[in-house]
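# Results of the structural survey
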Amino acid sequence: VRGAGMRMIRVARGAPARRTLRGSCLCGDIAFEIASEPARMVNCHCTRCRRARGAAYGTKLLADAEHFRWTRGGALVGRYASAVAPALSSAFCRRCGSDMPQYDREAAAVVVPARTLDDDPGLRPSAHVFVGTQPDWLEITDDLPLFVRCPPLTLLTAD
Amino acid sequence: MTSRIGYRPNPQSPFAPPPRRDLAEPALAQHAPSAHQPNGALTAQALSRLARPLMPPTPADVDGASTLVGSCLCGAVRYEVQGPLEKMSHCHCSICRKHHGSSFSTFVTASRAGFRWLEGASLVETYQSSPFGQRCFCTVCGSVAPIVEAGADVVFCPAGALEGKLGVKPQRHLFVGSKARWDTISDDLPQCVEV
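Ranked by internal contacts, the top residues of the largest apolar core, which has 31 residues, are Val81, Leu85, Val108, Cys157, Leu162 and Leu166 of chain B. If you list the elements that add at least two residues to this core, you get strand 2 (78-82), strand 4 (105-111), strand 7 (134-138) and strand 9 (154-158) of chain B. When sequence neighbours within four positions are dropped, the list of residues in contact with valine 81 of chain B reads Ser66, Thr67, Leu68, Ala110, Gly114, Phe115, Cys157 and Leu162 of chain B. Counting residues in each nonpolar core, the second largest holds 26 residues, with Ile34, Leu61, Ala63 and Ala114 of chain A among its members.

Here is the structure:
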């Protein structure tokens, strides 16, 4: 009992303030949460993001996989793994088709589609990555830096 | 190593502290060609030289092609639409944002008469996302598929899934009234609160 008390005091005094971000799919069958501040957010122009989501680009939040967990319907997540390119894998809700976080227990990071979040992540995209293959109808009009690949996260600013 | 407050650093984590600058910089300089800015980003000049270098040309890359082909990520679902395409819009509604996971979706409108499934029509699942609308997706890879509603004159195709030059550019932002508070629109296209 005494040890538990000590631990509580340590958490209260020493741990950084944490905010839990929650997200869910369109139909609500699947929900997840990220229990720490996410690292970075990027606008991704890769073929996978464009082809899979049909959108101009994907806005992705990169978070530490250790702090990610499914809170509802984790078994309902459909996964597709490409035989030719592991990077072209995807995760989605099998009922409504929403894009879902690509979470792998073995991986260090989880890639979360930013707009499946229900809370403001308090973070804005810091770069466009994988530019060069974007369609002719898309013009990048903001001032964010452009990268042909995804640079080391430490080179990206946090907001 | 576990610190006094129980925090265990993970060197594989993207949150691991950055390497010391004096160690990182020579390596960075070695790999950074002059087309890059100091932080590794492309210069505007270098970007202008990048003309679709990673994608082989498709028949639709020829300007004025009348038939455009679209497919999902895994290739199980394929379809074609007849050009010329007229309407292309960015949609910021909450359903699009959830379904696409992005700040906005981009749809082109094509005539129903010119639309044809080439492969995998039976693999497309439909979800009734509202009393008025539905969302379609490939059940193998989860990619967004065209919305083909019974009795409608038009189909809505996700623009990013169509290959080649579409011959049309985005014309407006729709449902800006329900866009995420934390999204900003940086172009000059007209913005509609709803449709």
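Moving on to the pattern of salt bridges. Residues and elements named next belong to chain B. This model, assessed by the stated rule, comprises ten salt bridges over all chains. Note that glutamate 80 is salt-bridged to arginine 116, the shortest N-O span being 3.1 Å. With a gap of 36 residues between them, glutamate 80 in strand 2 and arginine 116 in strand 5 (residues 116-119) connect regions that are remote in the sequence. For glutamate 80, a relative accessible area of 14% translates into the label buried.

Residue and element names in this part refer to chain A. Taken as a whole and assessed by the stated rule, the structure comprises eight aromatic pairs over all chains. Both rings, one in phenylalanine 32 and one in tryptophan 70, keep their centres 6.2 Å apart while their planes meet at 85 degrees; by these two values the pair is edge-to-face. Of the two residues, phenylalanine 32 sits in strand 2 (residues 31-34) while tryptophan 70 sits in strand 5 (residues 68-72), which places them 38 residues apart along the sequence. Accessibility assignment for this pair places phenylalanine 32 and tryptophan 70 in one class, buried.

Residues and elements named next belong to chain B. Residues of chain B with pLDDT of at least 70 account for 67%, and the chain-wide mean is 78. Within chain B, the element-level pLDDT minimum falls on helix 1 (residues 21-31), averaging 43, and the maximum on strand 8 (residues 144-145), averaging 94. Confidence drops under pLDDT 50 across residues 20-33; counting only partners more than four residues distant or on other chains, this segment forms three contacts. Contacts from residues 51-57, a stretch scored under 50 in pLDDT, to residues over four places away or in other chains number eleven contacts. In the predicted complex, the global pTM is 0.74; the interface-specific ipTM is 0.80.

Further remarks concern the pairing of strand 7 (residues 90-93) of chain A. Residue and element names in this part refer to chain A. Because side chains alternate across strand 7, one face comprises the buried residues Ser90 and Phe92, and the other comprises Ala91 and Cys93, equally buried. Strand direction decides the pairing type here: strand 6 (residues 77-80) and strand 7, joined by four bridges, are antiparallel. Paired with valine 77 across the bridge in strand 7 is cysteine 93.

Turning our eyes to something else, we now look at the sheet that holds strand 1 (residues 21-24) of chain A. Residues and elements named next belong to chain A. Read across the sheet, three strands follow the order 1-2-5 without closing on themselves; strand pairing throughout is antiparallel. This sheet does not close on itself; its edge strands, each paired only once, are strand 1 and strand 5. The sheet shows a mean angle of 25 degrees between the axes of neighbouring strands, direction not considered.

Attention now moves to the environment of alanine 110 of chain B. Residues and elements named next belong to chain B. Among the structural elements, alanine 110 can be located in strand 4. For alanine 110, a relative accessible area of 4% gives the class buried. Residues alanine 110 and valine 154 lie 44 residues apart in sequence; the distance between their C-alpha atoms is 5.5 Å.

Here the amide bond leading from glycine 83 of chain B into proline 84 of chain B is cis, since omega sits at -5 degrees, within 30 degrees of zero. One non-glycine residue, phenylalanine 130 of chain A, lies in the positive phi region at around 55 degrees. If you trace the backbone, phenylalanine 130 of chain A turns up in the segment after strand 9 (128-129). Judged by its relative accessible area of 31%, phenylalanine 130 of chain A is partly exposed.

Scoring rules and cut-offs
All residue numbers here refer to positions counted from 1 along the written sequence of the relevant chain. Chain labels run from A onward and ligand labels from 1 onward, assigned in the order the entries are written. Confidence filtering applies because this is a predicted model: local features only for residues at pLDDT of at least 70, side-chain atom pairs given and counted only at 80 or more, and all residues used for totals across whole chains, interfaces and linings. Note that the side-chain values use all heavy atoms of the structure and ignore hydrogens as well as water. To define a nonpolar core, start from buried Ala, Val, Leu, Ile, Met, Phe, Trp, Tyr and Cys residues and group those joined through side-chain atoms within 4.5 Å. Think of it in three bands: with a 1.4 Å probe and only protein chains considered, a residue is buried below 20% of the maximum accessible area for its type, exposed above 50%, and partly exposed in between. By definition, any uninterrupted DSSP run of H or I lasting at least four residues is a helix, any uninterrupted run of E lasting at least two residues is a strand, and each is numbered from the N terminus. The contact criterion used throughout is that any non-hydrogen atoms of two residues lie within 4.5 Å. Any carboxyl oxygen of Asp or Glu within 4 Å of a side-chain nitrogen of Lys or Arg constitutes a salt bridge here. Ring pairs are drawn from Phe, Tyr and Trp, using the six-membered ring of Trp, whenever the two centres fall within 6.5 Å, and their geometry is named by plane angle: stacked under 30 degrees, edge-to-face over 60, tilted for the rest. Note on scores: pLDDT gives the predictor's confidence for each residue, bounded by 0 and 100. A pair of strands is treated as paired once DSSP finds two or more bridges between them. As a rule, the C-alpha atoms of each element are fitted with a line to give its axis, helices using only the stretch in contact, and angles between N-to-C directions run from 0 to 180 degrees.

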